[in-house]
Each structure stands twice: as structure tokens, then as C-alpha cells.
Amino acid sequence: MSGSGTNLQALLDACADPAYGARVVAVGADRDGIEGLARAERAGIPTFVARVSDHSSRGYWDRALADKVAAFEPDLVVLAGFMKLVGEKFLDRFGGMTVNTHPALSPSFPGMHGPADALAYGVKVTGATLFVVDAGVDTGAIVAQTVVPVEDDDTVESLHERIKVAERAMLVESVGRMAREGFTVEGRRVRLGG
Ligand code: GRF
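Residues numbered from 1 in each chain as written. Predicted model: local features only at pLDDT ≥ 70, side-chain atom pairs only at ≥ 80, totals over all residues.

Peer 1: Teacher, can you tell me more about the site of the ligand here?
Peer 2: The immediate surroundings of the ligand are formed by 14 residues, with Gly-3, Ser-4, Thr-6, Asn-7 and Gly-81 found nearest. Only helix H1 (6–15), strand S4 (98–102) and helix H6 (156–181) provide two or more residues apiece to the shell around the ligand. Here the residues of the shell around the ligand sort into 3 nonpolar, 9 polar and 2 charged. (Near = placed C-beta within 6 Å. Helix = DSSP H or I, 4+ residues; strand = E, 2+ residues; numbered from the N terminus. Nonpolar A, V, L, I, M, F, W, Y, C, P; charged D, E, K, R; others polar.)

Spelled out as C-alpha cells, the structure:
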């Protein structure tokens, strides 16, 4: 992740119950000094940082990030508010087992400004999408979506906060099911369960 880490916190809280069926083996970030890293440290989870600026190219950063993730041998990689696009090297290793959450209903409003773009368009409902990461921007096969109403007096901030409440619930529910029941990706169709 790259920021406040409320999605991470929701996963950490869920993982505190052994019945949830998953645990967080490590938390990585692309920058220092963020609340998300502090949340992981408070939970006693190993952390690592991979900064683009420490590498001579985006490709070297991408490989270094993949190496750091690989060291923890995860079964699933969750991008939870990670504000960088992973590249080819990362996807070579973790494609098909990396999910990301986007604060809009894909395929509408991809990119960095999902809540603002939804508000500007004037849609009456928006939401959040969990998807299997591919090489595009928020284009991967959809695991789950959750719908949130847009209120007449919403600001970008109030709308994003409402989306984040639903987004966290969706993430916890879906990651738990993926861990307990497994999942398959057939083309653009993601099926939870065996
Ligand atoms: C989430 O809405 C995520 O989808 C978006 O940024 C937000 C991150 O929130 N890309 P947090 O860091 O988990 O609190």
C-alpha cells in the first residue's frame, strides 16, 4: 500500500480471527513514513519498502519489488491502496494471484480519480471493484463489486469515504473467500470456490 492503510487495517483485524482462514505475512510500501506501515508494525507484521527513486529504471524497481514480495512466499498479493502500477516483471511472477481494489465500478472511471470522476459525471451510484491485476489500469478480471449511492450534497471526500467503508467490507469478504475456498480465473470470469 501507499497511504493511510485502512484497507490493510480491515484485513489485519479480520485475520486476528483464526476462522478467517488467512494471515498477512508481510506488508510492503513504495514510500516511507505512512500510516499503513505503522499499522503493520503495531500488528507485528514484517514490513518492507521499495522506492522507485532507489532504482535506475522503473523496470529495476519492478523486479526489486517482486523480489521483496517473493521472499515472503505469499499465496495471494493484495494491492490495498497501492498507488503505483506494477509492471511486466512483477506480473511474470505474481500475475493471476494479485488483486487490487479500485474505488469505482469498473469498467467506469479507471485511474487515480475514480470518486472525483464519478461525481463529475453525475452518476447516481458508484462503488468499488476488486479485480485480478493485469497490465492495464484497473482493467483486470473482476472478483467482486460493491455499490454505493451518490448523494446530492456529496463532495469528492464524502463520496470517497462512503466508498471506502463498502470497499473494506468487500475486500475482507472476498479475500477470506479466496483464501478459504480458492479461486479460478477463466478469461475474464473469476470464480470463487473450487
Ligand atoms: C482506496 O479507496 C483505494 O481503492 C484507493 O485509495 C484508497 C486507499 O485507502 N486506491 P487506504 O490507504 O486503504 O486507507
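Peer 1: Help me understand the pairing of strand S5 (residues 125–132), please; the structure alone is not making it clear to me.
Peer 2: In summary, the side chains of a regular strand alternate between the two faces of the sheet. Of all 8 residues in S5, 6 are buried, a share of seventy percent or more. Across 4 bridges, the pairing between S4 and S5 is antiparallel. Paired with His-102 across the two strands is Thr-129, which belongs to S5. With 7 bridges joining them, S5 and strand S6 (residues 142–149) adopt antiparallel strand pairing. In the strand pairing of S6, Ala-128 is matched with Thr-146. (Buried ≥ 20, exposed ≤ 12 C-beta atoms within 10 Å, placed from the backbone. Pairing = 2+ DSSP bridges.)

Peer 1: Help me out: how do you make sense of the packing of H1 against helix H2 (residues 35–42) in this one?
Peer 2: How two helices pack is summed up by the angle between their axes together with the distance between the axes. At a closest axis distance of 9 Å, the pairing of H1 and H2 adopts a crossing angle of 15°. Comparing their axes, H2 and H1 come out roughly parallel. Considering the relative orientation of H1 and H2, their crossing is right-handed. Counted together, Leu-8, Gln-9 and Leu-12 of H1 and Gly-36, Arg-39 and Ala-40 of H2 form the full contact between these two elements. In terms of residue class, the contact of H1 with H2 is made up of 3 nonpolar, 2 polar and 1 charged. (Axes fitted to C-alpha atoms, helices over the stretch in contact; angles between N-to-C directions. Parallel < 35°, antiparallel > 145°, perpendicular 65-115°, else oblique. Left-handed = near helix turned anticlockwise from the far one by under 90°. Contact = placed C-beta atoms within 7 Å.)

Peer 1: Even after reading the chapter, I still don't get the pairing of S4, so can you show me in this structure?
Peer 2: The element S4 is extensively covered by neighbouring structure, given that 5 of its 5 residues are classed as buried. Residues Thr-98, Asn-100 and His-102 point to one face of S4 and Val-99 and Thr-101 to the other, with burial holding for every one of them. When strand S3 (residues 77–79) meets S4, the two strands line up parallel, connected through 3 bridges. Each bridged residue has a counterpart across the sheet, and for Leu-79 the counterpart in S4 is Asn-100. Crossover S3 to S4 through helix H4 (residues 88–94) is right-handed. (Right-handed = clockwise from strand over helix to strand, strands pointing away.)

Peer 1: Help me out: how do you make sense of the UniProt feature "binding site: (6R)-10-formyltetrahydrofolate" (unreviewed entry) in the protein chain in this one?
Peer 2: As recorded in UniProt, the sites labelled "binding site: (6R)-10-formyltetrahydrofolate" (unreviewed entry) are Arg-58, Met-83, Lys-84, Leu-85, Val-86 and Asn-100. Here Lys-84 is to be found in the loop between S3 and H4. With 17 C-beta atoms packed within 10 Å, Lys-84 lands in the partly exposed category. Relative to the helices and strands, Leu-85 is located in the loop between S3 and H4. (UniProt positions renumbered as here; feature names shortened; annotations may be inferred.)

Peer 1: Help me understand H2 in this model?
Peer 2: Every α-helical turn comprises 3.6 residues, leaving residues that sit three or four positions apart pointing alike. Every buried residue of H2 is accounted for by Gly-36, Leu-37 and Ala-40. In an axial view of H2, the angular spread of the buried residues amounts to 100°, which keeps them on one side of the axis. Turned more than 90 degrees away from the buried face of H2 sit Glu-41 and Arg-42, all of them exposed. The inward-facing, buried residues of H2 contact H1, strand S1 (27–29) and strand S2 (47–49). One or two residues past the end of H2 sits Gly-44, with phi positive at roughly 75°. (Arc of directions from axis to C-beta.)

Peer 1: Please clarify how the UniProt feature "active site" (unreviewed entry) in the protein chain should be interpreted in this entry.
Peer 2: The UniProt entry lists His-102 under the feature "active site" (unreviewed entry), expressed in the numbering used here. When you line up the elements, His-102 lands in strand S4. Looking at His-102, the number of C-beta atoms within 10 Å reads 24, which means it is buried. Other than its neighbours up to four places away in sequence, His-102 contacts Gly-114, Ala-128, Thr-129, Phe-131 and Asp-138.

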